[in-house]
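What follows is each chain in one-letter form.
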Amino acid sequence: MLKQLKPYKVLQDRRIEELKSDAYLLEHQKSGAKIVLLSNQDDNKVFSIGFRTPPEDNTGVAHILEHSVLCGSKKFPAKDSFVELLKGSLNTFLNAMTYPDKTIYPIASRNDHDFHNLMDIYLDAVLNTNIYENEKIFLQEGWNYNLTSADDELTYNGVVYNEMKGAFSSPERMVRREVLNSLFPDTTYSSESGGSQKLSWI
């Protein structure tokens, strides 16, 4: 079957008994993208596309982009593709995550048609995102200023801002962040990939 995938070159193949899976490492010959395939008897089909996104500071740009790319794409211009999929898909898992060194967009479904539909939407979201057409998406998902009237106090807002505000209300999260800062001061792991500007709420 893999021989039919002519655009790809098989770099490695092996059996992983712990996962009861046959594993293959492929390379897309035109783009150089690496693809890992795990073939097994599990009827829950899983797909994920990921990117290296090591942060250089605490602005949370990778996290903001993670949210932004799921706000519509060229082929699927819905205002919030992620929310629409949560409402109407047969998925068994649907999310996106930003880590200290990477961002991934995983999906899973037991239904073949739904699985291929989810893959199509997620791939178009990350490769043809609407943020190039609409800068307001980035501003909405990121960190922005709000001023209701001239007499009001300037406040912060934004989807990622509020998410990180909740994350940093956890003492454990604060301790873990300080430990990473101390252990890895000169690496990507010393930065807060989710975003932190040492604002008043931290």
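Above this text is the structure in question.
Cut-offs and rules
Residues numbered from 1 in each chain as written. Predicted model: local features only at pLDDT ≥ 70, side-chain atom pairs only at ≥ 80, totals over all residues. Heavy atoms only, no water. Core = buried A, V, L, I, M, F, W, Y, C linked by side-chain atoms within 4.5 Å. Buried < 20%, exposed > 50% of the residue type's maximum accessible area, 1.4 Å probe, protein only. Helix = DSSP H or I, 4+ residues; strand = E, 2+ residues; numbered from the N terminus. Contact = heavy atoms within 4.5 Å. Salt bridge = Lys/Arg side-chain N within 4 Å of Asp/Glu carboxyl O. Pairing = 2+ DSSP bridges. Axes fitted to C-alpha atoms, helices over the stretch in contact; angles between N-to-C directions. Parallel < 35°, antiparallel > 145°, perpendicular 65-115°, else oblique. Left-handed = near helix turned anticlockwise from the far one by under 90°. Nonpolar A, V, L, I, M, F, W, Y, C, P; charged D, E, K, R; others polar.

Caption draft 1: Main features of the nonpolar core. Phe47, Leu70, Leu85, Leu94, Tyr105, Ile107 and Tyr122 are the most contacted members of the largest nonpolar core, which has 16 residues in total. Taken together, the elements giving at least two residues each to this core come down to β4 (45-52), β7 (102-109) and α3 (112-127). Per element, the largest residue contribution to this core is 7 residues, and it comes from α3. When sequence neighbours within four positions are dropped, the list of residues in contact with Tyr122 reads Leu70, Phe82, Leu85, Leu94, Asn95, Tyr105, Pro106 and Ile107.

Caption draft 2: Geometry of the pattern of salt bridges. Under the defined criterion, the tally for this structure stands at 10 salt bridges. As a salt-bridge pair, Asp43 and Arg110 come within 3.1 Å of each other at their nearest N and O atoms. Here Asp43 is found in the loop between β3 (34-39) and β4, whereas its partner Arg110 is found in the loop between β7 and α3, with 67 residues between them in sequence. The partner of Arg177 in a salt bridge is Glu192, with the nearest N and O atoms 3.1 Å apart. Placement of the pair is Arg177 in helix α6 (residues 171-183) and Glu192 in the segment after α6, with a sequence separation of 15 residues. Here Arg177 and Glu192 have matching classes, each one buried. A single network of salt bridges, built from pairs that share partners, joins Arg15, Glu17 and Asp22.

Caption draft 3: Structural view of the pairing of β7. Burial runs high along β7: 7 of the 8 residues are buried. Two strands pair when backbone bridges link them, and strand β5 (residues 91-94) and β7 are joined in this way by 3 bridges, in the antiparallel orientation. Within β7, the residue paired with Leu94 across the bridge is Ile107. Sheet analysis places strand β6 (residues 97-98) next to β7, joined by 2 bridges and oriented antiparallel. Note that in β7 the partner of Met97 across the bridge is Ile104.

Caption draft 4: Molecular detail of the packing of helix α1 (residues 61-68) against helix α5 (residues 159-167). For the pair α1 and α5, interaxial distance at closest approach is 10 Å and the crossing angle is 120°. The angle between the axes of α1 and α5 places the two elements in the oblique class. The crossing of α1 and α5 is right-handed. Taken together, the residues of α5 that come into contact with α1 (itself represented by His63, Ile64 and His67) are Val159, Val160, Glu163 and Met164. A breakdown of the residues in the contact of α1 with α5 according to their chemical character gives 4 nonpolar, 2 polar and 1 charged.

Caption draft 5: Up close: the sheet that holds strand β2 (residues 21-28). The strand order across the open sheet built from 3 strands is β1-β2-β3, with neighbouring strands paired in antiparallel fashion. Two strands lie at the open edges of the sheet, namely β1 (8-16) and β3, each paired on one side alone. Each strand axis lies, on average, 20° off the axis of its neighbour in the sheet, ignoring direction. Judged from the 6 bridges that link them, β2 and β3 form a sheet pairing that is antiparallel. Its bridge partner lying in β3, Leu25 is registered against Val36.

By themselves, these are just geometric observations and shouldn't be taken as functional.
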